[in-house]
Protein chains: 2
Amino acid sequence: MPEEDSARGRFGKMYHEIRMRICLLDYPPGTRLSEEAMAREFGVSRTPLRRVLGRLEAEGLLQSVHGVGTLVTDVEIEELIQVYRLRTELAELAGLLDPVPPDAKLIASLDGLVARAKALVARPDPRGFAQLNIDFFEAHMALTANEPLREISRRLYYQTHRIWLKSVTSRRIDLVEEVQVFDREVEDYVRALRIGDLEAAAHVHRAHISMSFTRMRKNAA
Amino acid sequence: MPEEDSARGRFGKMYHEIRMRICLLDYPPGTRLSEEAMAREFGVSRTPLRRVLGRLEAEGLLQSVHGVGTLVTDVEIEELIQVYRLRTELAELAGLLDPVPPDAKLIASLDGLVARAKALVARPDPRGFAQLNIDFFEAHMALTANEPLREISRRLYYQTHRIWLKSVTSRRIDLVEEVQVFDREVEDYVRALRIGDLEAAAHVHRAHISMSFTRMRKNAA
DNA sequence: CTGCATGATGTTGTATACAACATGATCAAG
DNA sequence: CTTGATCATGTTGTATACAACATCATGCAG
């Protein structure tokens, strides 16, 4: 997949880079970004950069305020309850709607994720955990060929990823315990997929989302 | 709800206007729009207009091609199968996720829709039908307080609305019959809502989407 | 007549200057 | 000292000129 040097290609590069920075808390919630500085960094003018920021604003990760700045949106758990409830339902759909039988390549990549989870249990690390979680989610999205469902699930995922990561880093949730839970989930997930039971895998994922949310709410107070 | 004369207000006006034109086939699929002409019409420069077009492109209603133009996307039923399947599932969710008990005002507005449906049965009209369908959908969205679900459902609805309307106008589907079916559905829907059974109403809507899609596919060949 | 090169034309993409706006510092009046 | 107005500063929003690109007509060579 060669990153073409077209307008679309440049857009995609900036989009993914900035989204990753927001989601990995390199730009923590409340950060005021400077359009000019970012444009300089990416070697473009404000115009194409603003296109990227506009998209991220539409997706709820940024908010531009005239005369003030471009702010990274805050993540309040009470406001994300609805998003979580919806994600829970959509996770199940991924196994039912236009299911894609997992091929050897997908299984192999999932084995790679299991290995990384094991390594993480041995040496926990918030950032590595976050990246692994993202990769696992993307693998889950390969289960359905329903492109609209993929796009929507992805969008909701990136909206909630930050608050989860914040809970982990701020020690409101115990990192070690969370890593162990995640490790078990990935194993169950792969086990279901290995026998071709997409629906079961989706249910495992659904349960994971639901429980993860419950643990967060419990420890938020 | 006063339409404020801020940047956000102007954006909203242009966005809704253009989206409506696309969805009512004032801009038929394949139409090549001129940014400059539209900017003149709305009394702004290309810059803020392009923001609107960018959003509509992200939602799959437009496609900008460098050096060619801004094209209204084509609607192919085979490509929208996935969208329809997803919409079917989401329609059911609207009655389950964060349900809002219908108040007198909502019931009254639904009665208004029923009256319009009756009038439409007496004198069928594609454009009035399309507008009524949109208004009915928006009323349905009032059933859930889950804002992400509303936004997503709305987006998918506007993606598929055109192909439905096209089927009606091109007489691939009989307008009179479709109006009668719609009239019955609205009545069933209101009946369920009147006794406070949101879930039943959602199921009625779900069945409507599913059957509407089936009729279209049958008559497409 | 055919085929291809070439340029005219119109489009979207980008850079840049400026307008509109919010915010905090500064300073004077009380 | 407090308080209010005023302005300097920095930000996003907008307008405009130009670059990059695709398309089609034109004309010339074969």
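As a reminder, the structure under discussion sits directly above these lines.
Residues numbered from 1 in each chain as written. Chains lettered and ligands numbered in written order. Predicted model: local features only at pLDDT ≥ 70, side-chain atom pairs only at ≥ 80, totals over all residues. Heavy atoms only, no water.

**Quick notes on the overall build of chain A**
Turning to step 1, where the next piece is worked out: When helices and strands are tallied, chain A shows nine helices and three strands.
Turning to step 2, where the next piece is worked out: For chain A, the C-alpha radius of gyration of 18 Å lies close to 17 Å, the compact-globule estimate for 221 residues.
Turning to step 3, where the next piece is worked out: The principal-axis extents of the C-alpha atoms in chain A amount to approximately 55 × 45 × 35 Å.
Turning to step 4, where the next piece is worked out: Taken across its 221 residues, chain A has 48% of its residues classed as buried.
Turning to step 5, where the next piece is worked out: If you take every contact in chain A between residues at least 6 apart in sequence, the share linking residues at least 24 apart comes to 75%.
Turning to step 6, where the next piece is worked out: A total accessible area of about 10,800 Å² is found for chain A, and carbon and sulfur atoms account for 52% of it. (Helix = DSSP H or I, 4+ residues; strand = E, 2+ residues; numbered from the N terminus. Rg over C-alpha atoms; globule rule 2.2 N^0.38 Å. Buried < 20%, exposed > 50% of the residue type's maximum accessible area, 1.4 Å probe, protein only. Contact = heavy atoms within 4.5 Å. Areas by Shrake-Rupley, 256 points an atom, 1.4 Å probe, with all protein chains shown as cover.)

**Examining the relation of the copies chain B and chain A**
Turning to step 1, where the next piece is worked out: Mapping chain B onto chain A calls for a screw motion: a turn of 180° about the axis and a shift of 0.0 Å along it, with 0.0 Å RMSD after fitting. What we have between these two chains is a two-fold relation.
Turning to step 2, where the next piece is worked out: Both copies share a contact surface, since 100% of the interface residues of chain B are interface residues in chain A too. (Least-squares fit on C-alpha atoms with pLDDT ≥ 70 in both.)

**Details of the interface of chain B and chain A**
Turning to step 1, where the next piece is worked out: Of the residues lining the interface, 25 residues belong to chain B; the matching set on chain A comes to 25 residues.
Turning to step 2, where the next piece is worked out: If you sort the residues of chain B by the area they bury against chain A, B:Gln82, B:Leu86 and B:Ile152 come out on top, with a joint share of 22%.
Turning to step 3, where the next piece is worked out: Of the charged contacts in the structure, one is a salt bridge between A:Glu151 and B:Arg155, with a shortest N-O distance of 2.3 Å.
Turning to step 4, where the next piece is worked out: Inspection of the chain B/chain A interface yields ten residue pairs in polar contact (both at pLDDT 80 or more).
Turning to step 5, where the next piece is worked out: Of all elements in the fold, only α3 (46-58), α4 (77-93) and α7 (147-169) of chain B reach the threshold of two or more residues within the side of chain B that touches chain A.
Turning to step 6, where the next piece is worked out: Of the residues contributing to the side of chain B that touches chain A, the split by class is eleven nonpolar, three polar and eleven charged. (Buried area = accessible area lost by both parts, 1.4 Å probe. Salt bridge = Lys/Arg side-chain N within 4 Å of Asp/Glu carboxyl O. Polar contact = N/O pair within 3.5 Å; in protein donor to acceptor, adjacent residues only side chain to side chain. Nonpolar A, V, L, I, M, F, W, Y, C, P; charged D, E, K, R; others polar.)

**Describing the protein's contact with DNA strand D**
Turning to step 1, where the next piece is worked out: Not every one of the 21 residues close to DNA strand D is listed here, only the nearest: A:Arg50, A:Thr70, B:Arg10, B:Ser45 and B:Thr47.
Turning to step 2, where the next piece is worked out: Among the atoms of DNA strand D close to the protein, meaning within 4 Å, 64% are from sugar or phosphate groups.
Turning to step 3, where the next piece is worked out: A distance of 3.5 Å is found between a phosphate oxygen of DNA strand D and a side-chain nitrogen or oxygen belonging to B:Arg51.
Turning to step 4, where the next piece is worked out: B:His66 has a polar side-chain atom sitting 3.0 Å from a base nitrogen of DNA strand D.
Turning to step 5, where the next piece is worked out: Of all elements in the fold, only α3 (46-58), β2 (62-65) and β3 (69-72) of chain A together with α1 (7-23) and α3 of chain B reach the threshold of two or more residues within the surface near DNA strand D. (Near = heavy atom within 4 Å.)

**What about the side chain of B:Arg87?**
Residue and element names in this part refer to chain B.
Turning to step 1, where the next piece is worked out: Mapped onto the fold, Arg-87 is located in helix α4.
Turning to step 2, where the next piece is worked out: As a buried residue without a salt bridge, Arg-87 has its nearest oppositely charged side chain in Glu-185, at a separation of 8.8 Å.
Turning to step 3, where the next piece is worked out: Setting aside residues up to four positions removed in sequence, Arg-87 forms contacts with Leu-156, Tyr-157, Thr-160 and Ile-209. (Lys, Arg positive; Asp, Glu negative; His and termini not counted.)

**Here we look at unusual backbone geometry**
Turning to step 1, where the next piece is worked out: A positive phi angle, near 45°, is found at A:Asp98, a position not held by glycine.
Turning to step 2, where the next piece is worked out: Residue position: A:Asp98 is located in the loop between α4 (77-93) and α5 (104-122).

**So, α4(A)**
Turning to step 1, where the next piece is worked out: Relative to the 24 Å expected for 17 residues at 1.5 Å per residue, α4(A) spans 24 Å between its end C-alpha atoms, a close match to the ideal helical length.
Turning to step 2, where the next piece is worked out: Helix geometry: α4(A) is bent most strongly at A:Val83, by close to 25°.
Turning to step 3, where the next piece is worked out: Those residues of α4(A) lying buried are A:Ile77, A:Leu80, A:Ile81, A:Val83, A:Tyr84, A:Leu86, A:Arg87, A:Thr88, A:Leu90, A:Ala91 and A:Leu93.
Turning to step 4, where the next piece is worked out: Buried residues along α4(A) sit in contact with α6 (126-141), α7 (147-169) and α9 (198-220) of chain A together with α4 and α7 of chain B. (Expected span 1.5 Å × (residues − 1). Bend = angle between axes of the 7 residues up to and from the residue.)

**A closer look at the protein's contact with DNA strand C**
Turning to step 1, where the next piece is worked out: In the neighbourhood of DNA strand C, 21 residues make up the surrounding shell, with A:Arg10, A:Ser45, A:Thr47, B:Arg50 and B:Thr70 lying closest.
Turning to step 2, where the next piece is worked out: A distance of 3.0 Å separates a base nitrogen of DNA strand C from a polar atom in the side chain of A:His66.
Turning to step 3, where the next piece is worked out: Between B:Arg50 and DNA strand C, the recorded distance is 2.8 Å, taken from a side-chain N or O atom to a phosphate oxygen.
Turning to step 4, where the next piece is worked out: Those elements that place two or more of their residues in the surface near DNA strand C are α1 (7-23) and α3 of chain A together with α3, β2 (62-65) and β3 (69-72) of chain B.
Turning to step 5, where the next piece is worked out: The element contributing the most residues to the surface near DNA strand C is α3(A), with three residues.
Turning to step 6, where the next piece is worked out: Here the surface near DNA strand C is built from residues that sort into seven nonpolar, nine polar and five charged.

**As for the pattern of salt bridges**
Residues and elements named next belong to chain A.
Turning to step 1, where the next piece is worked out: Summed over the entire model, instances satisfying the criterion amount to 41 salt bridges over all chains.
Turning to step 2, where the next piece is worked out: Between Glu-41 and Arg-21 there is a salt bridge, with its nearest N and O atoms 2.6 Å apart. Residue Glu-41 is located in helix α2 (residues 35-42), and its partner Arg-21 is located in helix α1; the two are separated by 20 residues in the primary sequence.
Turning to step 3, where the next piece is worked out: Given a relative accessible area of 47%, Glu-41 falls into the partly exposed group.
Turning to step 4, where the next piece is worked out: A salt bridge links Lys-118 to Glu-187; its shortest N-O distance comes to 2.5 Å. Placement of Lys-118 in helix α5 and of Glu-187 in helix α8 (residues 175-194) is noted, with a sequence separation of 69 residues between them.
Turning to step 5, where the next piece is worked out: Taken together, the shared-partner salt bridges connect Lys-118, Asp-183, Glu-187, Asp-188 and Arg-191 into one network.

**So, the nonpolar core**
Turning to step 1, where the next piece is worked out: Among the nonpolar cores identified, the biggest contains 108 residues, and A:Leu110, A:Leu193, B:Leu110 and B:Leu193 are the most heavily contacted of them.
Turning to step 2, where the next piece is worked out: When residues no more than four places from it in sequence are discounted, the contact partners of B:Leu110 are B:Phe136, B:Ala139, B:Tyr189, B:Val190 and B:Leu193. (Core = buried A, V, L, I, M, F, W, Y, C linked by side-chain atoms within 4.5 Å.)

**Section: the environment of A:Lys166**
Residues and elements named next belong to chain A.
Turning to step 1, where the next piece is worked out: Here Lys-166 shows up in helix α7.
Turning to step 2, where the next piece is worked out: Note on Lys-166: relative accessible area 30%, which makes it partly exposed.
Turning to step 3, where the next piece is worked out: Taking the C-alpha atoms as reference points, Lys-166 and Gly-128, 38 residues apart in sequence, are found 14 Å from one another.
Turning to step 4, where the next piece is worked out: Excluding residues that lie within four positions of it along the chain, Lys-166 makes contacts with Leu-25, Asp-74 and Val-75.

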